[in-house]
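Per-entry structural report
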Amino acid sequence: PLTPDYTQNYLMSQTPQAQVYQQIVQDLKDAKTAAAADFSVGGGERIRPTKWAAGALLSRVYLYEGDWADAEAEADSVIANNSLFSLVTDPAAVFNTNSTEAIWQLKQNNTSYANDYNATFEGYTFIPYNSTSAISYYLAPQQLAAFEPGDLRYTEWVNSYAYTSNNTTTTYYYPYKYTVGPAQTQPGGVIPQYYMVLRLAELYLIRAEARAHTGTNLTGAAADLNAIRSRAGLPPTTASTGTDLLTAVAHERQTELFAEWGHRWLDLKRTGQALNVLSPIPLHAAISQDQLLYPIPSAELSADPHLVQNAGY
């Protein structure tokens, strides 16, 4: 829908995916033109989207579409702006307020309990209140196994605690990218970390993947991977062919972007690997192609007879 006129919208049919992406691209191009080129709108803080945020998201959209040349170009434009953006050397500082890696962050309202005071939503949700609290979310064994020995992202971005129930103790591992949890929140407290929406490391991984697909700059693709790996305390990648570099990119995306914005799920879907990766896991053994989409709510189908239910529902 491109108009608020309900007489045009209430009986719309599904729009083809390619057309939706076409509109997303146009919207982001418009945003790049209209948005500020610096952080002045946020009072110097990185809390309002700029033309660089639009470009970063546009790079991701091009990647999802398989438009490798434009994905690389948009990523390159943001990475090249080293007066505003640079990779943080210490993983523990990546999500700090106004981190140089931040392309766009959201600032908490630290006086509102409804907004978790000075915690981010993820920090408040993922971190247990204390050692006797049941944990709501924890990292799957497959995610933990993805980290290489010595990976600082495991050291800094994963935490654990031992939970005892009925005389049985189980150790759970949870995301720790955001370090203020429910026990640390304070009304009006200092906000050490803002909620990260877009960050530079993803642009390096997008550019590496785009370069690996085109095959025109495999050395550059490896260099982009190594920028991320070096920060994580890991040796340079051994991948050199396009195929091996794509495998290496997928691995780095899993270990760099885990527990952020559903990247892992969306990566598995867009690369056609969701069924292959998930079906061997007992919890997902019965997954089918149909389950890669949600069903359309029955109330929407009743309201608009031009909508058609997704397959399998």
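In case you missed it, the structure is sitting above this.
Residues numbered from 1 in each chain as written. Predicted model: local features only at pLDDT ≥ 70, side-chain atom pairs only at ≥ 80, totals over all residues. Heavy atoms only, no water.

The subject of this paragraph is a nonpolar patch on the surface. Residues Tyr 6, Tyr 10 and Leu 11 make up a contiguous nonpolar surface patch of roughly 350 Å² in combined accessible area. Structurally, Leu 11 is set in the loop between helix 1 (6-9) and helix 2 (17-34). Taking relative accessible area as the criterion, Leu 11 reaches 30% and is therefore assigned partly exposed. (Patch = residues over 30% accessible without salt bridge, like charges linked within 9 Å, V, L, I, M, F, W, Y side chains within 5 Å. Areas by Shrake-Rupley, 256 points an atom, 1.4 Å probe, with all protein chains shown as cover. Salt bridge = Lys/Arg side-chain N within 4 Å of Asp/Glu carboxyl O. Helix = DSSP H or I, 4+ residues; strand = E, 2+ residues; numbered from the N terminus. Buried < 20%, exposed > 50% of the residue type's maximum accessible area, 1.4 Å probe, protein only.)

This next bit is on the layout of surface pockets. In this model, the largest pocket occupies a volume close to 840 Å³. Residue lining of the largest pocket: 25 residues in total, with Ala 140, Gln 143, Arg 264, Leu 278 and His 284 positioned closest to the centre. Elements represented by at least two residues in the lining of the largest pocket include exactly helix 6 (141-146), helix 11 (263-270) and helix 12 (274-278). Broken down by element, the residue count for the lining of the largest pocket peaks at 4 residues, all from helix 11. For the lining of the largest pocket, a count of residues per class yields 17 nonpolar, 6 polar and 2 charged. Roughly 620 Å³ of internal volume is contained in the second largest pocket. Gln 17, Tyr 21, Tyr 64, Leu 266 and Lys 269 are the residues nearest the centre of the second largest pocket, which is lined by 19 residues in total. (1 Å grid on protein atoms, 1.4 Å probe; cavity = no way out; pocket = protein on both sides within 12 Å on 5 of 7 lines; lining within 4 Å. Points joined across faces, edges and corners; volume = space filled by probe spheres on them. Nonpolar A, V, L, I, M, F, W, Y, C, P; charged D, E, K, R; others polar.)

Attention now moves to the environment of Glu 65. Relative to the assigned elements, Glu 65 resides in helix 3 (residues 51-65). Looking at Glu 65, the relative accessible area reads 38%, which means it is partly exposed. Sequence-wise, Glu 65 and Ala 18 are 47 residues apart; in three dimensions their C-alpha atoms are separated by 8.5 Å. Sequence-distant contacts of Glu 65, defined by excluding residues within four places in its chain, comprise Tyr 21 and Val 25. (Contact = heavy atoms within 4.5 Å.)

For Ala 92, the location among the structural elements is in the loop between helix 4 (68-79) and strand 1 (102-106). Take Ala 92: its relative accessible area is 36%, and that puts it in the partly exposed class. When the C-alpha positions of Ala 92 and Lys 177 are compared, they lie 7.5 Å apart, and in sequence the two are 85 residues distant. Those residues in contact with Ala 92 that lie beyond four places of it in its chain are Glu 156 and Trp 157.

On to the pattern of salt bridges. A side chain with one charge can pair with a side chain of the opposite charge if their charged atoms come near. A complete count under the given rule lists 21 salt bridges for this structure. Residue Arg 207 pairs with Asp 76 through a salt bridge whose shortest N-O separation is 2.5 Å. Here Arg 207 is found in helix 8 (residues 200-214), whereas its partner Asp 76 is found in helix 4, with 131 residues between them in sequence. For Arg 207, a relative accessible area of 8% corresponds to the buried category. Where Glu 252 meets Arg 229, a salt bridge forms, and the shortest distance between an N and an O atom there is 2.7 Å.

On inspection of all chains with the given rule, the structure shows 14 aromatic pairs. A centroid spacing of 6.4 Å and a plane angle of 55° characterise the contact between Tyr 6 and Tyr 10, whose relative ring orientation is tilted. When its relative accessible area of 48% is taken as the criterion, Tyr 10 is described as partly exposed. For the pair Phe 39 and Phe 85, a centre-to-centre distance of 6.1 Å together with 85° between the ring planes defines the contact as edge-to-face. Remark: Phe 85 occurs in the loop between helix 4 and strand 1 and Phe 39 occurs in the loop between helix 2 and helix 3; sequence separation between them is 46 residues. The exposure class assigned to Phe 39 is buried, which follows from its relative accessible area of 8%. Judged by its relative accessible area of 2%, Phe 85 falls in the buried class. When the ring centre of Trp 52 is taken as origin, the NZ or CZ atom of Lys 51, which lies over that ring, is 5.3 Å away. Directly above the ring of Phe 258 sits Lys 177, whose terminal nitrogen or CZ lies 4.2 Å from the centroid. (Phe/Tyr/Trp six-rings, centres within 6.5 Å; stacked < 30°, edge-to-face > 60°. Lys NZ or Arg CZ within 6 Å of the ring centre and 35° of its normal.)

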